[in-house]
Amino acid sequence: PNSTLGPKTSFNLNKLTAMMFTKIRTGIQLDADQFANRGLDVMFKRAEEETTAEYPYPVLPVHWMSRDKGSSDMAKYPEHFAWSSRCPDTPKQAYRWSHSHPTWTHFALPWIAKWA
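Source: prediction; values computed, not measured.

Colleague: Please set out the environment of M74 residue by residue, giving values where relevant.
Modeller: One can find M74 in the loop between α2 (41-50) and β2 (103-105). When neighbours within four sequence positions are excluded, M74 is seen to be in contact with M65, S66, R67, D68, F81 and A82.

Colleague: Would you mind going over the packing of aromatic side chains in detail, with residue names and values included?
Modeller: Counted by the stated rule, this structure contains 3 aromatic pairs. Considering the side-chain rings of Y55 and Y57, the 4.9 Å spacing of their centres and the 75 degrees angle between planes classify their relative orientation as edge-to-face. In this structure Y55 comes out as partly exposed when scored by relative accessible area, which is 44%. In this structure Y57 comes out as partly exposed when scored by relative accessible area, which is 35%. Aromatic side chains Y77 and F81 sit 5.4 Å apart centroid to centroid with 20 degrees between the ring planes, which places their arrangement in the stacked category. In this structure F81 comes out as partly exposed when scored by relative accessible area, which is 29%. An aromatic cluster is built from Y55, Y57 and W111, whose rings are joined through pairwise contacts.

Colleague: A description of a nonpolar patch on the surface should follow, citing residues and the corresponding values.
Modeller: Together, Y55, Y57, W111 and W115 give the surface a local cluster of nonpolar side chains, amounting to about 450 Å² of exposed area. You can see W115 is positioned in helix α3 (residues 109-115). Given the relative accessible area of 52%, W115 is considered exposed.

Colleague: Please provide a residue-by-residue account of helix α1 (residues 13-21), values included.
Modeller: Every buried residue of α1 is accounted for by K15, L16 and M19. Along the axis of α1, the buried residues cluster in a sector spanning 100 degrees; they form a single face. Packed against the buried residues of α1 are β2 and α3.

Colleague: I'd like to hear about the pattern of salt bridges, residue by residue, with values.
Modeller: Taken as a whole and assessed by the stated rule, the structure comprises 4 salt bridges. Between D31 and K15 there is a salt bridge, and its shortest N-O distance comes to 2.8 Å. Of this pair, D31 sits in the loop between β1 (26-28) and α2 while K15 is found in helix α1, placing the two residues 16 residues apart along the sequence. Put simply, K45 and E49 hold a salt bridge, and the shortest N to O gap is 2.5 Å. Here E49 and K45 lie together in helix α2, a separation of 4 residues that amounts to about one turn. The exposure class assigned to E49 is partly exposed, which follows from its relative accessible area of 41%. Members of the salt-bridge network, linked through shared partners, are K45, R46, E49 and E50.

What counts as what
- Residues numbered from 1 in each chain as written.
- Predicted model: local features only at pLDDT ≥ 70, side-chain atom pairs only at ≥ 80, totals over all residues.
- Heavy atoms only, no water.
- Helix = DSSP H or I, 4+ residues; strand = E, 2+ residues; numbered from the N terminus.
- Contact = heavy atoms within 4.5 Å.
- Phe/Tyr/Trp six-rings, centres within 6.5 Å; stacked < 30°, edge-to-face > 60°.
- Buried < 20%, exposed > 50% of the residue type's maximum accessible area, 1.4 Å probe, protein only.
- Patch = residues over 30% accessible without salt bridge, like charges linked within 9 Å, V, L, I, M, F, W, Y side chains within 5 Å.
- Areas by Shrake-Rupley, 256 points an atom, 1.4 Å probe, with all protein chains shown as cover.
- Salt bridge = Lys/Arg side-chain N within 4 Å of Asp/Glu carboxyl O.
- Arc of directions from axis to C-beta.

Shown next as structure tokens:
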């Protein structure tokens, strides 16, 4: 188990919790093993342009790996690396897999609180 919420709860919920309890207007979520390099400051301005009162959602960076079984980038990886669901009613994957390193502004906090 990765969470105090239960064994099937995603570890990434800790990031959403941290986002809700920060006292900032604009943020970038990084992991402890990531580096903050020169030029990172431009991402704050970009987050403010993308997460607004009209679009109150965090922005997730897309991952290079599609996780689509039929995609050529997945050909050299084992089958279990591809996206799958055990539920027969799950729709086909419609978008790329995202990193859990969102950028956000305070406008996204109600959405984050709803789903955390």
